[in-house]
Amino acid sequence: MVEEEVREWRNRPLAREYYAIYLDGTFLSVRRGKAAKEPVYLALGIRPDGRREILGFWLFGAEGESATNWRQVVRELWERGVREVKLFISDDLPGIEEAVREIFPSAKWQLCVLHMVRDSLAKARKADREALAQDLKTVYRADTIVEAHEALRVLEERWAGKYPELVAKWVEKSYALLEFLEHPKPIRPYLYTTNQLERLMKEVKRSAGR
């Protein structure tokens, strides 16, 4: 009975329009004979009126995150009725950007800025982290795209010599890192990070551990 209810919930029709959809994955203990850690894919939708909705979860076995699996997740959202999405928000996970462009060509993609910052600082020397963090903050705390690109130019001048790959990634992915600046200012803090979905996953893990 429970399995049937879960199946019906997972296959239910979705709304036609969402302002944003967050995509991310986490590892949970899944019992298939014996318990083992497997990736669980999740999607959280934000309606135009601000309501949040868990759109679904997916288990693909223990092979890890893959481009094929993420394409299937995005495709299923379309098959269940989603047609209009302004913004997909995720980490730089394999295949997500390509799936969004193929299946929802009018949607934009926002790369999680905070994860990018953490990854960048982890690659920097300890003595450089405070100054680098401040320069990165100047980029993503800018009020406009123009200001953000000016801050990006300063970042490049100051740090490209010491951390060429790190800076090159910020420049290369700037279109996705700064997409949130094209949206109304009051909601920008909710769009440049996957924190909303991360909080949900922490609750799931806490409940599963009880």
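Use the structure listed above.
Since we're looking at a predicted model, the values are computed, not measured.

1. Examining the side chain of Ser90
Here comes step 1: Here Ser90 is to be found in strand S4 (residues 84-90).
Here comes step 2: Contact partners of Ser90, with chain neighbours within four places excluded, come to Leu23, Ile96, Trp109, Gln110, Leu111, Cys112 and Thr194.

2. Topic: a positive patch on the surface
Here comes step 1: A cluster of basic side chains, namely Arg52, Arg118, Arg199 and Lys202, defines a positive patch on the protein surface.
Here comes step 2: Mapped onto the secondary structure, Arg118 falls in helix H4 (residues 113-122).

3. Notes on the packing of aromatic side chains
Here comes step 1: Under the criterion given, the structure shown has seven aromatic pairs.
Here comes step 2: Residues Trp78 and Phe104 carry aromatic rings whose centres are separated by 5.5 Å and whose planes lie at 70° to one another, so their mutual orientation is edge-to-face. With Trp78 in helix H2 (residues 67-79) and Phe104 in the loop between helix H3 (96-103) and strand S5 (108-111), this residue pair connects regions lying 26 residues apart in the sequence.
Here comes step 3: Here Trp78 falls in the partly exposed class, since its relative accessible area comes to 29%.
Here comes step 4: Residue Phe104 is classed as buried on the basis of its relative accessible area, which comes to 2%.
Here comes step 5: On the numbers, 5.9 Å between centres and 40° between planes, the contact of Tyr140 with Tyr192 is tilted. Of this pair, Tyr140 sits in helix H5 (residues 129-140) while Tyr192 sits in the loop between helix H9 (188-191) and helix H10 (195-208), and the two are 52 residues apart along the sequence.
Here comes step 6: Judged by its relative accessible area of 8%, Tyr140 falls in the buried class.
Here comes step 7: Pairwise contacts between aromatic rings join Trp78, Phe88 and Phe104 into one cluster.

4. Looking at the pairing of S4
Here comes step 1: With five of seven residues buried, S4 is to be regarded as a mostly interior element.
Here comes step 2: For S4 and S5, the ladder comprises four bridges, and the chain directions are parallel. Paired with Ile89 across the two strands is Gln110, which belongs to S5.
Here comes step 3: Handedness of the crossover is the feature at issue here: the chain leaves S4, passes through H3, returns alongside S5, and the resulting connection is right-handed.

The rules behind each value
Residues numbered from 1 in each chain as written. Predicted model: local features only at pLDDT ≥ 70, side-chain atom pairs only at ≥ 80, totals over all residues. Heavy atoms only, no water. Helix = DSSP H or I, 4+ residues; strand = E, 2+ residues; numbered from the N terminus. Contact = heavy atoms within 4.5 Å. Patch = residues over 30% accessible without salt bridge, like charges linked within 9 Å, V, L, I, M, F, W, Y side chains within 5 Å. Areas by Shrake-Rupley, 256 points an atom, 1.4 Å probe, with all protein chains shown as cover. Salt bridge = Lys/Arg side-chain N within 4 Å of Asp/Glu carboxyl O. Lys, Arg positive; Asp, Glu negative; His and termini not counted. Charge placed at Lys NZ, Arg CZ, Asp CG, Glu CD. Phe/Tyr/Trp six-rings, centres within 6.5 Å; stacked < 30°, edge-to-face > 60°. Buried < 20%, exposed > 50% of the residue type's maximum accessible area, 1.4 Å probe, protein only. Pairing = 2+ DSSP bridges. Right-handed = clockwise from strand over helix to strand, strands pointing away.

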